[in-house]
Amino acid sequence: MPRVALTPEAADVLRGLRAEHGDLMFHQSGGCCDGSAPMCYLAGEFRTGGSDVHLGDLAVDEFVIPVWMSASQFEYWSHTHLTIDVVPGRGSGFSLEAPLGIRFLVRSRLLSDEEL
């Protein structure tokens, strides 16, 4: 069972961002700016390492977008399934969708015992 998914609206935005910028990645931290909002970067622009958890990969058409989360944030979210969505509003200036007047956010649900 995948731990992460995305809405069709988010997939549409990602298609446009990939066409404009190239390969993409997501990282969600618990830090400053938009707090725990998922940030969309060019692939490899945000350096991941031992303090990050790879939640999975999102398939959008023929391309794959890896999704990462800081390990400290994952402690809080480890019991949930996350869905990346997009809503109107300006998010962080660090995420690629920010100039479009939209922002990515995470919707969550608890994982069942069978999914854990």
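Residue positions within a chain follow its written sequence, with the count starting from 1. For a predicted model such as this one, the threshold for reporting local features is a pLDDT of at least 70, and the threshold for listing and counting side-chain atom pairs is 80 or more; totals across whole chains, interfaces and linings nevertheless cover every residue. To get the side-chain values, all heavy atoms of the structure are used, and hydrogens and water are removed first.

Within an unreviewed UniProt entry, the label attached to the protein reads UDP-glucose 4-epimerase, and the organism entered is Lentzea pudingi.

With that settled, the discussion passes to helix α1 (residues 8-21). The secondary structure listing takes helices from DSSP runs of H or I that are at least 4 residues long and strands from runs of E that are at least 2 residues long, numbered from the N terminus. How far a helix is expected to stretch is found by multiplying one less than its residue total by 1.5 Å. With 14 residues, α1 should reach 20 Å at 1.5 Å per residue; the first-to-last C-alpha distance of 20 Å fits that figure. Summary of the burial criterion: residues with accessible area below 20% of their type's maximum are buried, those above 50% are exposed, and those between are partly exposed, where the area comes from a 1.4 Å probe applied to protein chains only. Residues of α1 that are buried include every one of Ala-10, Ala-11, Val-13, Leu-14 and Leu-17, and no others. Here the buried residues of α1 occupy an arc of 160° about the axis, which is enough to place them on one side. Exposed residues on α1 whose side chains face more than 90 degrees from its buried face are Pro-8, Ala-19 and Glu-20. Phi for Gly-22, located one or two positions after α1, is positive at around 105°. An arc is given here, and it is the one of the directions from the helix axis to the C-beta atoms.

The subject of this paragraph is the pairing of strand β5 (residues 63-70). DSSP bridges decide pairing: two strands pair if at least two such bridges lie between them. In this sheet, β5 lies alongside strand β2 (residues 24-28) in parallel orientation, the contact comprising 3 bridges. Following the sheet pairing, Gln-28 is matched in β5 by Met-69. In this structure, strand β4 (residues 52-60) lies alongside β5, joined through 8 bridges in antiparallel fashion. Paired with Asp-57 across the bridge in β5 is Pro-66. Count of turn residues in the β4/β5 antiparallel hairpin: 2 residues, of which Asp-61 carries a positive phi of about 55°.

Between rings of Phe, Tyr and Trp, where Trp is taken as its six-membered ring, a pair exists when centres lie within 6.5 Å; planes separated by under 30 degrees are stacked, by over 60 edge-to-face, and by other angles tilted. Taken as a whole, this structure holds 2 aromatic pairs when the rule is applied. Geometrically, the ring pair formed by Phe-26 and Phe-104 is edge-to-face, given 5.0 Å between the ring centres and 85° between the ring planes. Highlighted residues: Phe-26 in strand β2 and Phe-104 in strand β7 (residues 102-110), separated in sequence by 78 residues. The burial state of Phe-26 is the same as that of Phe-104; both residues are buried.

The next thing to look at is the pattern of salt bridges. Only one rule defines a salt bridge in this text: a Lys or Arg side-chain nitrogen within 4 Å of an Asp or Glu carboxyl oxygen. Counted by the stated rule, this structure contains 6 salt bridges. Note that Asp-61 is salt-bridged to Arg-15, the shortest N-O span being 2.6 Å. Remark: Arg-15 occurs in helix α1 and Asp-61 occurs in the loop between β4 and β5; sequence separation between them is 46 residues. Judged by relative accessible area, Arg-15 falls into the partly exposed class, the value being 31%. Residues Glu-62 and Arg-18 are paired through a salt bridge, measuring 3.8 Å at the closest nitrogen-oxygen approach. Here Glu-62 is found in the loop between β4 and β5, whereas its partner Arg-18 is found in helix α1, with 44 residues between them in sequence.

Attention shifts here to the sheet that holds β5. Read from one edge to the other, the open sheet built from 4 strands follows the order β3-β2-β5-β4, with strand pairing classed as mixed. The two strands at the open ends of the sheet, each matched to only one other strand, are β3 (38-42) and β4. In this sheet, neighbouring strand axes are inclined to one another by 25° on average, regardless of whether the strands run parallel or antiparallel. In the sheet, β2 pairs with β3 via 5 bridges, with the strands oriented antiparallel. Counterpart to Phe-26 in the pairing with β3 is Cys-40. Structural elements are reduced to axes, namely lines fitted to C-alpha atoms, with helices fitted over the stretch in contact, and the angle between N-to-C directions of any two is expressed from 0 to 180 degrees.

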